[in-house]
2 protein chains.
Amino acid sequence: MHTQTSCGVTAEQLENFKQACKQHGLRLTPQRVEIFKTVALSKEHPDAEHVFETVRKTMPNVSLDTVYRTLSSLEDLGLVFRVGFSSKARFDADLDEHYHFVCTQCGEVFDVVPSSGEKLSIPPEVQHLGRVQKVNLQFSGLCRRCQAKQKDL
Amino acid sequence: MHTQTSCGVTAEQLENFKQACKQHGLRLTPQRVEIFKTVALSKEHPDAEHVFETVRKTMPNVSLDTVYRTLSSLEDLGLVFRVGFSSKARFDADLDEHYHFVCTQCGEVFDVVPSSGEKLSIPPEVQHLGRVQKVNLQFSGLCRRCQAKQKDL
DNA sequence: ACTTACTTAAGAAAAATTATTAATAAGGAT
DNA sequence: ATCCTTATTAATAATTTTTCTTAAGTAAGT
C-alpha cells in the first residue's frame, strides 16, 4: 500500500512535484501546491474553472489567472496532462482514417497515414462506454525543422 | 486515377457533398460549395479564419459568421473533420498511459486504461516527423447514459 | 413564382485564456 | 533571524475565438 497524506495525494506524488519544482527553479508557493493537489485528487478531468472553484474553497483569494498560469507550468514540467487540445479549431476534409502530428513550436499539423497493419482498433472497453462516433489520435512534439532550428542556436 | 475537377477536388468528393446536403435538406449555396472546396483543397488543416481569407479571394462578401456556421454544419454532416478538440482545456494528473472517451452530449470524460496488449505504439513514420513528446488519443460519441436518455423520448 | 432557408452586415455577447501592474512573499544571501 | 532579489500573485483589463441578434435582402429548390 502507498503512503498517503491525509488528503489522498500520495506522498510519492507530492515529493515528485516538489523535486520537479526545485529542479526548474519554480517556487513552492501555497497556490501551486494547492492547485497541483486539486488536480491530483480529482478524478473528473477538471477544467481550469473547476480547479479554480475547488481551490477557492480553501484559498478564497486565488485568481483564475494563477490557476491558468500554474496549470500551464505544471504541464510544462510534465506533472499534469492536458486532455484534448485547446488551440483554435482546424478542419480537414480527408475522411480516411489518419492521425496527426502537431508541432508544439510552430504549430504545423502533419498527416499521419497508417499502413493497413497500423490502423487503430477500438478497444472493447471503449465500445462499452458508448457509441464511438469519432476517433482522434494526435501526437505532439517538436518537428524536424524546429529541432534543427534549436540546434542552430 | 481519379476523375478530377479543374480545381483538384475529386468529382466523387463533390458528388458526395451534394448528396449529403440534399439528404439533410441543406441548400447548395455557392458559399457552402466554396467553403467545402476550400477545406477539401487545403492540405494545411486550415482554421476558420484561414478558410475565411481564402474564400474571400473569390467571394469578397462572405462573412466570417457564415464560415463558422458552414464549417459546423459540414462537420455535423460528417463531411469535414474537426482536428483536435476544440472544447475547453481539461487536466489530468494521472500520467500513466491512458486514453479518453468524451461524450458529445453531456461532456463527461471517461478514462480508458489499455491492457498491456492494447497499448499504442508510435508508428515509425511519426517518429520521423519529429520527437514525440505527447500522445493524445480521444474517442468521442454518445455515452451509455445519454444513449438511454435518447431512447426514453 | 413562391416559400423559406440562407446570407450579409454590424454589432453585441459569450466563453476561454492571457496580459498588465503593483503589491507580496519564497528562498537564498547576509 | 533579517534582508534582498526576483519570481509570483491578485485584481482587473484585454484578447482571442466563436456564436448570437436583428433586420433586410437574396436566391435555392419545389
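What counts and what doesn't
- Residues numbered from 1 in each chain as written.
- Chains lettered and ligands numbered in written order.
- Predicted model: local features only at pLDDT ≥ 70, side-chain atom pairs only at ≥ 80, totals over all residues.
- Heavy atoms only, no water.
- Near = heavy atom within 4 Å.
- Polar contact = N/O pair within 3.5 Å; in protein donor to acceptor, adjacent residues only side chain to side chain.
- Nonpolar A, V, L, I, M, F, W, Y, C, P; charged D, E, K, R; others polar.
- Helix = DSSP H or I, 4+ residues; strand = E, 2+ residues; numbered from the N terminus.

## Some remarks on the protein's contact with DNA strand D
Here comes step 1: Around DNA strand D there are 18 residues in total, and A:Thr29, A:Arg32, A:Thr66, A:Arg69 and B:Tyr68 lie nearest to it.
Here comes step 2: Taking A:Thr66, its side chain carries an N or O atom lying 2.7 Å from a phosphate oxygen of DNA strand D.
Here comes step 3: With respect to DNA strand D, the side chain of A:Lys88 contributes an N or O atom lying 3.3 Å from a phosphate oxygen.
Here comes step 4: Per-class residue counts for the surface near DNA strand D are 6 nonpolar, 5 polar and 7 charged.

## Concerning the protein's contact with DNA strand C
Here comes step 1: Around DNA strand C, the structure places 19 residues, and the nearest of them are A:Leu28, A:Tyr68, B:Gln31, B:Thr66 and B:Arg69.
Here comes step 2: Backbone atoms, meaning sugar and phosphate, form 69% of the atoms of DNA strand C found within 4 Å of the protein.
Here comes step 3: A distance of 2.7 Å separates a phosphate oxygen of DNA strand C from a polar backbone atom of A:Leu28.
Here comes step 4: Measuring from a phosphate oxygen of DNA strand C, one finds a backbone N or O atom of B:Ser63 at 3.3 Å.
Here comes step 5: Among the elements of the structure, α4 (64–76) of chain A together with α2 (30–41) and α4 (64–76) of chain B are those that each provide at least two residues to the surface near DNA strand C.
Here comes step 6: Considering each element in turn, the surface near DNA strand C owes the most residues, 3 residues, to α4(A).

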